[in-house]
There are 2 protein chains.
Amino acid sequence: MTGPGSEVLPADGPTVENVLALLREHGGRTTSAKRLLVEVLMASGGHRSAEQLAGQVHSRAPDVHLTTIYRNLDELERLGVVARTYAGHGPATYHLSTAPHGHLVCDACGLIAEVPAAVFGGLVGAVREQYGFTVSPEHLALAGRCVSCIREEAEGG
Amino acid sequence: MTGPGSEVLPADGPTVENVLALLREHGGRTTSAKRLLVEVLMASGGHRSAEQLAGQVHSRAPDVHLTTIYRNLDELERLGVVARTYAGHGPATYHLSTAPHGHLVCDACGLIAEVPAAVFGGLVGAVREQYGFTVSPEHLALAGRCVSCIREEAEGG
DNA sequence: TTCGATGCAAATAGTTTGCATTCTA
DNA sequence: TAGAATGCAAACTATTTGCATCGAA
């Protein structure tokens, strides 16, 4: 059950057609705006704001409105295709949901690094046992300072 | 060195006068708006948005503008008296910096629970060793689902 | 009497919504 | 051709900024 008719996306990352098929299964229609957005999401790989994604889409289709980007990102998030991460202040960032992972967000330079689930697996388990709280790895974002900013701060001031 | 002239606030929680003294040490002036904000922060205890704090302040001084609340919260944050937590979407929340702790933010009902530093101490250490990234415990917010919402979702649908 | 603090208005960033129109299935 | 998707404008939320005035030290 991994063909275009499947409810579940392949574990090694979905193709554009997989995602569009998933959309159709849920009553959605295939449009060029959606196809482009998904392509851009796959090409960029990393964490992008809605505006950055819009910029990429615009280079190929200038008429796609930012509103449409937001609406389609919402839909893709509901379907579990993309994950939204809030990096403190500034815009939310979107990326394809692949393997579960968390994020390190540097307060100083804005860098977003990914950490594999294994690193915080213990925490997630402990929190569930002790607090009955189920952490969503996809949204996990730890704020702090990256190496370079720590170093700069130590040297500069 | 824990008197009004000290740079460091008492470990068991500052008093209103402690905070005002700290402000004065840093060139700030004592105003009724600041005193009230600090009082409200201490009375409420939990995590409040700027608007909620303004509401509390207004009940005693309706003329204090929301802008002033923001400006004073900024200043208190710079001094390390309050910590700001971004709970995903919605407004940032502010609370007194006491013992280091993280937050569990329920995506469904918005509940914010505190967890002692010990729970995620291992994570913070691992992340520092493996990624050179220093997590700020004060800003640590894990998104997910609290017990009651998980239960409701399981029952309801 | 100086300079920080405030009130007010307005700007800003990011995101959402309403509605008429367009286009897919 | 019904209903989903879009473009556009406008609203909206949270926050910041500019500027004249006020008030603490």
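Everything numeric in this text was worked out from a predicted model, so none of it was measured.

J.: Just checking my understanding: could you explain the nonpolar core for this structure?
T.: A general feature of soluble globular proteins is that nonpolar side chains tend to end up buried together. If you look at the biggest cluster of nonpolar residues, it comprises 28 residues, and the most contacted ones within it are A:Leu142, B:Leu123, B:Val127 and B:Leu142. For A:Leu142, the residues in contact, after removing those within four places along its chain, are A:His103, A:Leu104, A:Val105, B:Leu123, B:Val127, B:Phe133, B:Val135, B:Leu140 and B:Leu142. If you look at the next biggest cluster of nonpolar residues, it comprises 24 residues, including A:Leu23, A:Leu36, A:Ile69 and A:Leu76.

J.: Explanation requested: the domain arrangement of chain A in the structure shown.
T.: In many reports, interface size means the accessible area that the parts give up when they come together. Residue and element names in this part refer to chain A. Considered domain by domain, chain A is made up of domain 1 (4–95) and domain 2 (99–154). Centre-to-centre separation of domain 1 and domain 2, based on C-alpha positions: 24 Å. At the junction of the two partners, domain 1 supplies ten residues and domain 2 supplies nine residues. Here domain 1 and domain 2 share an interface that buries about 680 Å² over both sides, 63% of which is from carbon and sulfur atoms. On the domain 1 side of the contact with domain 2, His47, Thr85 and Ala87 bury the most area, a combined 50% of that side's loss.

J.: Just checking my understanding: could you explain the protein's contact with DNA strand D for this structure?
T.: In the vicinity of DNA strand D lie 22 residues, with A:Arg29, A:Lys34, A:Thr68, B:Arg29 and B:Tyr70 positioned nearest. Sugar plus phosphate, as a fraction of atoms of DNA strand D within 4 Å of the protein: 62%. Here a phosphate oxygen of DNA strand D sits 2.5 Å away from a polar atom, N or O, in the side chain of A:Lys34. Between a phosphate oxygen of DNA strand D and a side-chain N or O atom of A:Thr68, the distance comes to 2.6 Å. Broken down by secondary-structure element, the contributors of at least two residues to the surface near DNA strand D are helix H2 (32–44) and helix H4 (66–78) of chain A together with helix H4 (66–78) of chain B. The residue makeup of the surface near DNA strand D, split by class, is six nonpolar, nine polar and seven charged.

J.: Which parts of the structure should I look at to understand the pattern of salt bridges?
T.: Pairing is possible between side chains of opposite charge, provided their charged atoms come close. Residues and elements named next belong to chain A. All told, the structure shown has twelve salt bridges over all chains when counted by the stated rule. Its salt-bridge partner being Glu17, residue Arg35 comes within 2.9 Å of it at the nearest N-O pair. Remark: Glu17 occurs in helix H1 (residues 16–25) and Arg35 occurs in helix H2; sequence separation between them is 18 residues. Taking the relative accessible area as the measure of exposure, Arg35 reaches 30% and is therefore partly exposed. Judged by relative accessible area, which is 42%, Glu17 ranks as partly exposed.

J.: Is there a simple way to explain the sheet that holds strand S2 (residues 82–85) of chain B in this structure?
T.: Strand pairs in the sheet, formed through backbone hydrogen bonds, run parallel or antiparallel to each other. All names here are of chain B. One open sheet accounts for three strands, arranged S1-S3-S2; its pairing is antiparallel. For this open sheet the edge positions go to strand S1 (48–49) and S2, each flanked by a neighbour on one side alone. The pairing of S2 with strand S3 (residues 93–96) spans four bridges and is antiparallel. Counterpart to Val82 in the pairing with S3 is Leu96.

Definitions and limits used
Residues numbered from 1 in each chain as written. Chains lettered and ligands numbered in written order. Predicted model: local features only at pLDDT ≥ 70, side-chain atom pairs only at ≥ 80, totals over all residues. Heavy atoms only, no water. Core = buried A, V, L, I, M, F, W, Y, C linked by side-chain atoms within 4.5 Å. Buried < 20%, exposed > 50% of the residue type's maximum accessible area, 1.4 Å probe, protein only. Contact = heavy atoms within 4.5 Å. Domains from an automatic or database assignment. Buried area = accessible area lost by both parts, 1.4 Å probe. Near = heavy atom within 4 Å. Polar contact = N/O pair within 3.5 Å; in protein donor to acceptor, adjacent residues only side chain to side chain. Helix = DSSP H or I, 4+ residues; strand = E, 2+ residues; numbered from the N terminus. Nonpolar A, V, L, I, M, F, W, Y, C, P; charged D, E, K, R; others polar. Salt bridge = Lys/Arg side-chain N within 4 Å of Asp/Glu carboxyl O. Pairing = 2+ DSSP bridges.

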